Amino acid sequence: MMLSTAAKVRIARWLSTIVLGGRSLLGLSSRVTAHRRGIKWQLNLKEGIDLAIYVLGGFEVRTLKRYEALIKEGDVVLDIGANIGAHTLPLASLVGSSGKVYSFEPTAYAYSKQLVNIGLNPGLAPRIAANQIMLTDSDSSTLPEAIYSSWPLESAEDLHIEHRGRLMGTEGAKVSTLDAFLEGNAVKRVDFIKIDVDGNEASLLRGAKASLVKFRPRIMIELAPYVHGDNPYEFDELVAGITALGYHFDDMATGKRLPSDPSKLKAFIPPLGGLNVLATSSY
């Protein structure tokens, strides 16, 4: 059963209460350094992504499991919307010493946490190129002052009414198109792209069209119609834009083929929730 984002947050808050309560009784704080699935993390258990890594061994465990079948040694992978590196580091472990992971995270909050986590894993660090960049449809786009990148397990007035995220500042970040970044960094191949950018997908992909046509990578993307807010047409544009390039969709977790028609695809996504899908080129 697929849950809405709000339901997932409620479950996470309940788990957080239990975990933090137990740690408090032992005189332990909410901050911890932990090893999970062969990766070392610095975590704040008051944050949703961090708590998932601590309790479950990873964030979006079913998706991480699918990566094992999709990513091979030597692959070049892009993690767009990398946050604290919850997928970046597991992906780096899969590409091997001959592969590369380019991560993109615009907020100073999440990017700094990601750098710490990368630094805790010297065996994986050389495989990762971390970038504090927001990928969009134009190099001249205005950088937003803040973007959602914190999911605190608390009640507060400044949290998003639906996904319960908190806006965090983008000081230090740059903007770029993916096409310009790959050309400017002489990236010669891209095998896989993970995208989780909370409503900015259509803009990102407009600036990545040439790269998608050239490299035909597999794309794991979270589809969540509700994050497009007052611009629901953007979801339709996103889906139509990907399918126009010759891609089809499968459920990331189950492998089940999904419809390419936006209205039919929405029926597979829980209200106020999201679905990780795998877009694969038919060419």
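Residues numbered from 1 in each chain as written. Predicted model: local features only at pLDDT ≥ 70, side-chain atom pairs only at ≥ 80, totals over all residues. Heavy atoms only, no water.

Per an unreviewed UniProt entry, the protein chain goes by the name Methyltransferase FkbM family and belongs to Neorhizobium galegae bv. officinalis.

**Re the overall build of the protein chain**
This is how the line gets drawn: Strands are runs of DSSP state E lasting at least two residues, helices are runs of H or I lasting at least four, and both sets are numbered from the N terminus onward. We compute the radius of gyration over the C-alpha atoms and compare it with the globule rule, which gives 2.2 Å times the number of residues raised to the power 0.38. Think of it in three bands: residues with accessible area under 20% of the maximum for their type are buried, residues over 50% are exposed, and the middle band is partly exposed, with areas taken using a 1.4 Å probe on protein chains only.
Across its full length, the protein chain holds 10 helices and 14 strands. Since a compact globule built from 283 residues should have a radius of gyration of about 19 Å, the 18 Å found for the protein chain is in line with a globular shape. When the backbone C-alpha atoms are referred to their principal axes, the protein chain occupies close to 55 × 40 × 40 Å. For the protein chain, the residues scored as buried account for 53% of the 283 residues in total.

**With respect to the UniProt feature "domain: Methyltransferase FkbM" (unreviewed entry) in the protein chain**
Under the convention used in this document: UniProt positions are given in the numbering used here, feature names are shortened, and annotations may be inferred rather than shown by experiment.
The positions that UniProt labels "domain: Methyltransferase FkbM" (unreviewed entry) are, in the present scheme, residues 79–249. Secondary structure within residues 79–249 divides into 30% helix and 23% strand; the distance between the first and last C-alpha atoms comes to 19 Å.

**Concerning the layout of surface pockets**
Condition: Here a cavity denotes grid points, spaced 1 Å and computed from the protein atoms alone, that fit a 1.4 Å probe unable to get out, and a pocket denotes an open set having protein on both sides within 12 Å along at least 5 of 7 lines; residues with an atom within 4 Å of a point are the lining. Grid points are joined across faces, edges and corners, and a volume is the space filled by probe spheres set on the points. Residue classes follow a fixed rule: Ala, Val, Leu, Ile, Met, Phe, Trp, Tyr, Cys and Pro count as nonpolar, while Asp, Glu, Lys and Arg count as charged, and any other residue, Gly among them, counts as polar.
One number sums up the size of the second largest pocket: a volume of about 230 Å³. Taken together, 15 residues form the lining of the second largest pocket, with Y148, D198, G199, N200 and V227 sitting closest to its centre. Take the lining of the second largest pocket: its biggest share by element is three residues, from strand 7 (residues 146–150). Here the residues of the lining of the second largest pocket are counted per class, giving eight nonpolar, five polar and two charged.

**Quick look at the nonpolar core**
Nonpolar side chains in soluble globular proteins generally cluster together in the buried interior. Stated formally: For this analysis, a nonpolar core means a set of buried residues of the types Ala, Val, Leu, Ile, Met, Phe, Trp, Tyr and Cys, connected via side-chain atoms within 4.5 Å. By definition, residues are in contact when any of their heavy atoms lie within 4.5 Å.
Residues L78, I80, F104, L178, I193, I195 and I221 are the most contacted members of the largest nonpolar core, which totals 37 residues. Top element by residues in this core is helix 9 (residues 233–244). It accounts for four residues. Ignoring anything within four residues of it in the chain, the contact list for I195 reads I80, E201, L204, L205, I219, M220, I221 and E222. One finds A12, L43, A92 and L278 within the second-largest nonpolar core, a separate group that totals 31 residues.

**Regarding the pattern of salt bridges**
Cut-off, in case you're wondering: Here a salt bridge means any side-chain nitrogen of Lys or Arg lying within 4 Å of a carboxyl oxygen belonging to Asp or Glu.
Taken as a whole, this structure holds 12 salt bridges when the rule is applied. Put simply, D236 and K266 hold a salt bridge, and the shortest N to O gap is 3.6 Å. Here D236 is found in helix 9, whereas its partner K266 is found in helix 10 (residues 262–266), with 30 residues between them in sequence.

**Comments concerning a nonpolar patch on the surface**
We apply this condition: Patch membership requires more than 30% relative accessible area and the absence of a salt bridge. Residues of like charge join within 9 Å; the nonpolar side chains Val, Leu, Ile, Met, Phe, Trp and Tyr join within 5 Å. Computed with a 1.4 Å probe, the accessible areas rest on the Shrake-Rupley method; for each residue, only the protein chains presented here act as cover.
A cluster of nonpolar side chains, I11, W14 and I18, forms an exposed patch at the surface whose accessible area comes to about 330 Å². For W14, a relative accessible area of 56% corresponds to the exposed category.

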